[in-house]
Amino acid sequence: MSSGGSRRDPAGECPAAGPWGRVAQFPAPLGSCSSVGRKAAPAPRKRGRATPAPGRHQHRAPLHPGAWWLWSLGLGTAATRTTNPLLLALLIAAAGYVVATHRSAAPWARSYAAFVKLAAAVLLIRLAFTVVLGSPIPGTHTLLTLPEVPLPHWAQGIRLGGEVTAEALLFSGYNGLKLAALLICVGAAGALASPARLLKSLPGALYEAGVAVVVALTFAPHLIADVQRLRAARRLRGRPDRGVRGLLQVGLPVLEGALERSVALAAAMDARGYGRTADVPARVRRTTTALTLGGLLGVCAGTYGLLTAEGGTYGLPVMCAGVAAALAGLRLGGRRTPRTRYRPEPWGAHAWLVAGSGAAVAALLALASVRDPGALNPGVVPLTAPALPLWPAAAVLLALLPAFVVPKAPKEPS
Amino acid sequence: MIRFEEVSVTYEGAAEPTVQGVDFEVPEGELVLLVGPSGVGKSTVLGAVSGLVPHFTGGTLRGRVTVAGRDTRTHKPRELADVVGTVGQDPLAHFVTDTVEDELAYGMESLGLAPEVMRRRVEETLDLLGLADLRDRPIATLSGGQRQRVAIGSVLTPHPRVLVLDEPTSALDPAAAEEVLAVLQRLVHDLGTTVLLAEHRLERVIQYADRVVLLPAPGAAPLFGDPAEVMAVSPVYPPVVDLGRLAGWTPLPLTVRDARRRAADLRKRLTHPAAGGRAAGAARVGAAAAPRERGQATPPPPGTSVPVPSPRRRLFRRTAAATPDPTAPPQIAEVRALAVCRARITALRHVDLTVAPGETVALMGRNGAGKSTLLGSLVGLVEPTAGIVRVGGAVPHRTPPRDLVRRVGLVPQEPRDLLYADTVAAECTAADRDAGAEPGTCRALVSELLPGITDDTHPRDLSEGQRLALALAVVLAARPPLLLLDEPTRGLDYAAKARLVTVLRALATEGHAIVLATHDVELAAEIAHRVVLLAEGEVIADGPTAEIVVSSPSFAPQVTKILAPQQWLTVTEVREALG
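Identification of chain B as ABC transporter domain-containing protein from Streptomyces cellostaticus is taken from an unreviewed UniProt entry. Regarding chain B, the relevant UniProt record gives this comment under Sequence similarities (unreviewed entry): "Belongs to the ABC transporter superfamily." What the UniProt record of chain B gives under Function (unreviewed entry) is the line "Probably part of an ABC transporter complex. Responsible for energy coupling to the transport system."

Shown next, in the form of structure tokens:
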């Protein structure tokens, strides 16, 4: 452990230290060697950033992933403030436009299409429920009448079939669209910045738990790929490759394979130093524990205080103290992990603009929903065409800001 | 650097130790090759170096393993991470992050190196491994060779003094394998890294080894020594050593170059008894050519075996298709102008291929050239975007699986995918039922291919080669006239490969047509009558094995290179010619 520990010290990492010292003076590297990389390699550059090679490689991540997530969360919040279909459509279009201009060619960027499909499915299911089960919205414009199924008296209050009114359909359509817009916003965040990139911004003490979560998340796509492969293999055995039985029969081998892969990955991660801990003085360790535990207790007590009537006075201060103590514990706990971060994403002016535009959309629509609730939540009884309120629409257009200010990611060869 | 002292490893539930009496020392800066037949515990020895055995796998390790002075009994794998870099058999199981650059940095981040150091080393490693153009690419989009290089790079960045690799080139095409090995050699030569690697394809790696550790049999004590000396007694050896043993050369040559220098005499012996030697060679070539002559519709007239520009080729194909030769016997499989696009990527474009009964065709080409896609479309797993695929008169992707198995069978890259049951017997019963064959058909095939396998063995407990044989038996139960194999020799030792060759030859003689996608040039030389080279989804050459492989430096087998300009493909041929 001793020599492992010494590596923490950056100063001890001088280029001539190990057998690797002369890397930079290699004879011509293999294959597509770049003179640029080699020139840049020997001297540690200012602020740890390489001068980008002209016309060869741009900075890889143009924007902090957190900015994209804040932006889309802002849009999502805005979507919850309104049921005006015109505003929602505008919001979806704005998010779609930014995704179309700024998503990368990476596989996870394709998840956007999946989210759009999911949103459409949600909308359709919502409408189908209204058609089949009816709706409490009183309506006079009957579109069609389904045969009503008589239900026993214990199922009172539930209706199957019956009249379908334009008002009811419109109402559930508006609500469905709101949900769909929310889903599309989440999908946009996933397409613009993979959740794994967000990991890098986690505090050190939480990083390893975060890796475990992300690895668990990638389990699902692998599982789907395995199911596809094994169903194909069923075809090779001359068995039908469709149907539920086919799926059930490959279940066990798929799980076995997934488990084996997880074990292999765990072994690889262990061998690559995952979970290494640094030696910290016992005093620091004890302080960390005390701070974290005390902080969590404080948060619990504070929450209780806030929720009960008589605790109004001490609730907030105790809660704040608890949060502060927990954060300090987290920070101190970070000392136990010797991890460092490779090229942390810079939070620059662009990131402020992107996150700010999202927040502005959310704030303006929240304001509008208070000031002018009628325009943002158009009524369905009596039946009227929704109007586009001018200045909330202009506020939604702010969401397009990233499409123009953020430099585009370099096109990757496919 | 690495020291094994009287090490034995016994896994839980095993009666016998998997390896025992392991006692050797790998000096710093050497490339040491670990060889032996399948199942002798090579992976166990490698795992003991990184500490994964026994910390991760369980079991009991007796004796002592020290790496750079650290005892693996007291150091967990993560505490050895800064001195040992390990790359397992499957690089995909190794990746933690999604992009190349992050993956290279991951190990260093865990060790807590300073950001400037990390940045510098990532750039160095990108150049060292020729990955600079791929730095932003998601790992999921890389080819096999690229993945292997990224996996090696990801363990190189923390600057380990020891590198442990398990079959680094098995899944790679010859060119990609050479790339990876060149990188390893540079690490050893320029940086003094100690490399310990296990590999079945000795013809690719033996020339780079400074020492060889031979595990001759399960549980037997290993032999440690100079490559040529160990090869003289090894049960596994590459063709160059086989030829050297045949010709009685001492010390044994390990490289094609050494062998060529000594081969003048052998070449003379092979030409002189011209009647015997050439006749035998000709007989083999004749045998290879025979099915092709019968299937005259097979495209290449003698001149077209060299790369053909596709427009001309298309013209030729059109006319051939327009005037079908009435005397031509029915082809087993016919592919015309096949194009396949998957996920916006063109996997195959305008591929023509015909396969006649009794013919063995080897599909070769880079990783990702479209070999597996072509096999998939022949068996109906892949729907063609354009063009025609016919197998035994049926269109594969429209034929119900039940009928299709009697026309064509595919043994996939991972034979385990085909096996569901808990025991060999249950697997065989299911196969007979699926194929509509007489009960017992499959079991008879298994007994033939795998003598000594009991009914109650679990398919998972079989070795790689045995599992392949079982999958082959399952597929053959339906007696398909066309048999497809995807990378059949991956992970097989020479003995298992020889058995496979015998089986496939017998099948071809019975009239089965065989198409195999492979990177193994020695296998192709051994059994293929015809070689089809694919590149970027197109057929770039199609002709008799001898013509195609002799003209290509990366696809020529060792014997061809040694005995050029004479055209010998395998040691077996030479042995027969010498009588």
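Novice: What's the story with a positive patch on the surface in this structure? I'm lost.
Specialist: A contiguous patch of positive charge on the surface is contributed by R283(A), R285(A), R286(A) and R336(A). Mapped onto the fold, R285(A) is located in helix α10 (residues 282-307).

Novice: Is there a simple way to think about the confidence of the model for chain A in this case?
Specialist: One rule of thumb: low pLDDT means the predicted coordinates there are not for detailed reading. Here chain A averages 77 in pLDDT, while 81% of its residues score no lower than 70. The element-level mean pLDDT for chain A is lowest in helix α2 (residues 35-40) of chain A, coming to 37, with helix α4 (residues 85-102) of chain A highest at 93.

Novice: Looking at this model, I keep getting lost on the environment of G358(B). Mind explaining?
Specialist: All names here are of chain B. Summarising the element assignment, G358 is placed in the loop between β12 (345-355) and β13 (360-365). Residue classification places G358 among the buried residues on the basis of a relative accessible area of 11%. Expressed as a C-alpha distance, the spacing of G358 and G511, which sit 153 residues apart in the sequence, is 4.1 Å.

Novice: What is the right way to look at the packing of aromatic side chains in this model?
Specialist: Each pair of aromatic rings is reported with the distance of its centres and the angle of its planes. Following the criterion strictly, the structure yields five aromatic pairs over all chains and no others. Ring geometry for Y97(A) against F404(A): centres 6.3 Å apart, planes inclined by 35 degrees, an arrangement best described as tilted. Residue Y97(A) is located in helix α4, and its partner F404(A) is located in helix α15 (residues 401-405); the two are separated by 307 residues in the primary sequence. For F404(A), a relative accessible area of 60% corresponds to the exposed category. Both rings, one in W347(A) and one in W352(A), keep their centres 5.7 Å apart while their planes meet at 80 degrees; by these two values the pair is edge-to-face. Of the aromatic side chains, those joined through ring pairs into one cluster are F4(B), F24(B) and F224(B).

Novice: Could you clarify how one ought to interpret the interface of chain A and chain B in this entry?
Specialist: Frequently, the measure chosen for interface size is the accessible area that the parts lose on association. Contacts between chain A and chain B engage 79 residues on the former and 89 residues on the latter. For the pair chain A and chain B, the summed buried area comes to about 7,700 Å², and 56% of that belongs to carbon and sulfur atoms. For the pair chain A and chain B, the number of links is nine salt bridges. Between R229(A) and D417(B) there is a salt bridge, with the nearest N and O atoms lying 2.7 Å from each other. Put simply, chain A and chain B have 19 residue pairs in polar contact (both at pLDDT 80 or more) between them. Elements with a minimum of two residues in the side of chain A that touches chain B: α1 (2-6), α2, α8 (204-236) and α9 (244-271) of chain A. Looking at the side of chain A that touches chain B residue by residue, the classes come out as 40 nonpolar, 13 polar and 26 charged.

Novice: Hey, could you run me through the pairing of strand β16 (residues 482-486) of chain B in this one?
Specialist: Each regular strand carries side chains that alternate between the two faces of the sheet. All names here are of chain B. β16 sits mainly inside the fold: five of its five residues count as buried. Residue alternation in β16 divides its side chains into two sets, L482, L484 and D486 and L483 and L485, and both sets are buried. Pairing of strand β15 (residues 408-411) with β16 involves four bridges; the strand directions are parallel. Residue pairing for β16: G409 is matched across the bridge by L483. In the sheet, β16 pairs with strand β17 (residues 513-517) via five bridges, with the strands oriented parallel.

Novice: Would you mind showing me how to read the nonpolar core here?
Specialist: For soluble globular proteins, the rule of thumb is that nonpolar side chains tend to be buried together. Residues and elements named next belong to chain B. Within the largest apolar cluster, 91 residues are counted, with the highest numbers of intra-cluster contacts made by L472, L482, L483, L484 and L504. Take this core: its biggest share by element is nine residues, from helix α17 (residues 464-476). For L472, the contacting residues outside a window of four places in its chain are V411, L449, L483, L485, L500 and V503. In this structure, V122, L131, A177 and V188 belong to the second largest nonpolar core, which totals 70 residues.

Novice: Got a minute to help me understand the side chain of E101(B) in this structure?
Specialist: Among the structural elements, E101(B) can be located in helix α3 (residues 100-111). Looking at E101(B), the relative accessible area reads 0%, which means it is buried. A polar contact of 2.7 Å, which involves the side chain of E101(B), links it to the side chain of Y342(A). Separated by 2.2 Å, the side chains of E101(B) and R343(A) make a polar contact.

Novice: What exactly am I supposed to notice about helix α16 (residues 441-449) of chain B here?
Specialist: Helical periodicity: at 3.6 residues per turn, an α-helix aligns residues three or four positions apart in one direction. All of the buried residues along α16(B) are C442(B), L445(B), V446(B) and L449(B). Considered in projection along α16(B), the buried side chains sweep an arc of 100 degrees and stay on one side of the axis.

Novice: Looking at this structure, how should I read the packing of α16(B) against α17(B)?
Specialist: Residue and element names in this part refer to chain B. Running from amino to carboxyl end, α16 crosses α17 at an angle of 145 degrees, the nearest separation of the two axes being 9 Å. Note that α16 runs across α17; the crossing there is right-handed. Facing C442, L445, V446 and L449 of α16, the residues of α17 in contact are A469, L470, L472, A473, V474 and L476.

Novice: So what exactly am I meant to see when it comes to the sheet that holds β15(B) here?
Specialist: Sheets are built from strands that pair by backbone hydrogen bonding, the pairs being arranged parallel or antiparallel. All names here are of chain B. Taken in spatial order, the six strands of this open sheet run β15-β16-β17-β13-β18-β19, and their pairing is mixed. Since the sheet does not close on itself, it has two edges, and those belong to β15 and β19 (538-544), each with one partner. Pairwise comparison of adjacent strand axes, ignoring direction, gives a mean angle of 15 degrees for this sheet. Summarising the sheet, strand β18 (residues 530-535) and β19 pair through six bridges and their orientation is antiparallel. Across the sheet, R530 pairs through a bridge with P544, a residue of β19. Most of the contacts of helix α18 (residues 494-509) go to β17, to which it runs at about 145 degrees, and overall it touches β13, β16 and β17.

Novice: Would you explain the pattern of salt bridges in this entry?
Specialist: Note that side chains of opposite charge can pair when their charged atoms are close. Inspection of the entire model under this criterion finds 34 salt bridges over all chains. Taking the shortest distance from any N to any O, the salt bridge between R276(A) and D82(B) comes out at 3.7 Å. Taken together, the residues R276(A) in the loop between α9 and α10 and D82(B) in the loop between β5 (70-71) and β6 (84-87) connect one chain to another. A relative accessible area of 2% means that D82(B) is categorised as buried. The residue E334(B) makes a salt bridge to R336(B) at a minimum N-O spacing of 3.4 Å.

Novice: Which parts of the structure should I look at to understand the environment of R335(A)?
Specialist: Turning to its location among the elements, R335(A) is positioned in the loop between α11 (312-333) and α12 (349-371). Expressed as a C-alpha distance, the spacing of R335(A) and D279(A), which sit 56 residues apart in the sequence, is 8.9 Å.

Novice: Looking at this structure, how should I read the domain arrangement of chain A?
Specialist: You can read the domains of chain A as domain 1 (65-198 + 345-405), domain 2 (207-271) and domain 3 (282-336). On a C-alpha basis, the centroid separation for the pair domain 2 of chain A and domain 3 of chain A is 41 Å.

Novice: It is not clear to me how the domain arrangement of chain B should be interpreted in this structure. Could you clarify?
Specialist: All names here are of chain B. According to the domain assignment, chain B contains domain 1 (2-236) and domain 2 (285-578). Inter-centroid distance (C-alpha atoms) of domain 1 to domain 2 is 33 Å. Across the contact, 17 residues belong to domain 1 and 18 residues belong to domain 2. The junction of domain 1 with domain 2 conceals about 1,400 Å² of combined surface from both sides, 49% of it contributed by carbon and sulfur atoms. Of all residues in domain 1, D173, R201 and E203 bury the most surface against domain 2, accounting for 37% of the area lost on that side. There are zero salt bridges connecting domain 1 and domain 2. One can count six residue pairs in polar contact (both at pLDDT 80 or more) joining domain 1 with domain 2. Those elements giving two or more residues to the side of domain 1 that touches domain 2 turn out to be α5 (144-156), α6 (174-191) and α7 (202-205). Counting residues per element, the side of domain 1 that touches domain 2 draws most heavily on α7, at three residues.

The rules behind these values
- Residues numbered from 1 in each chain as written.
- Chains lettered and ligands numbered in written order.
- Predicted model: local features only at pLDDT ≥ 70, side-chain atom pairs only at ≥ 80, totals over all residues.
- Heavy atoms only, no water.
- UniProt positions renumbered as here; feature names shortened; annotations may be inferred.
- Patch = residues over 30% accessible without salt bridge, like charges linked within 9 Å, V, L, I, M, F, W, Y side chains within 5 Å.
- Areas by Shrake-Rupley, 256 points an atom, 1.4 Å probe, with all protein chains shown as cover.
- Salt bridge = Lys/Arg side-chain N within 4 Å of Asp/Glu carboxyl O.
- Lys, Arg positive; Asp, Glu negative; His and termini not counted.
- Charge placed at Lys NZ, Arg CZ, Asp CG, Glu CD.
- Helix = DSSP H or I, 4+ residues; strand = E, 2+ residues; numbered from the N terminus.
- pLDDT = per-residue confidence, 0-100.
- Buried < 20%, exposed > 50% of the residue type's maximum accessible area, 1.4 Å probe, protein only.
- Phe/Tyr/Trp six-rings, centres within 6.5 Å; stacked < 30°, edge-to-face > 60°.
- Contact = heavy atoms within 4.5 Å.
- Buried area = accessible area lost by both parts, 1.4 Å probe.
- Polar contact = N/O pair within 3.5 Å; in protein donor to acceptor, adjacent residues only side chain to side chain.
- Nonpolar A, V, L, I, M, F, W, Y, C, P; charged D, E, K, R; others polar.
- Pairing = 2+ DSSP bridges.
- Core = buried A, V, L, I, M, F, W, Y, C linked by side-chain atoms within 4.5 Å.
- Arc of directions from axis to C-beta.
- Axes fitted to C-alpha atoms, helices over the stretch in contact; angles between N-to-C directions.
- Left-handed = near helix turned anticlockwise from the far one by under 90°.
- Domains from an automatic or database assignment.

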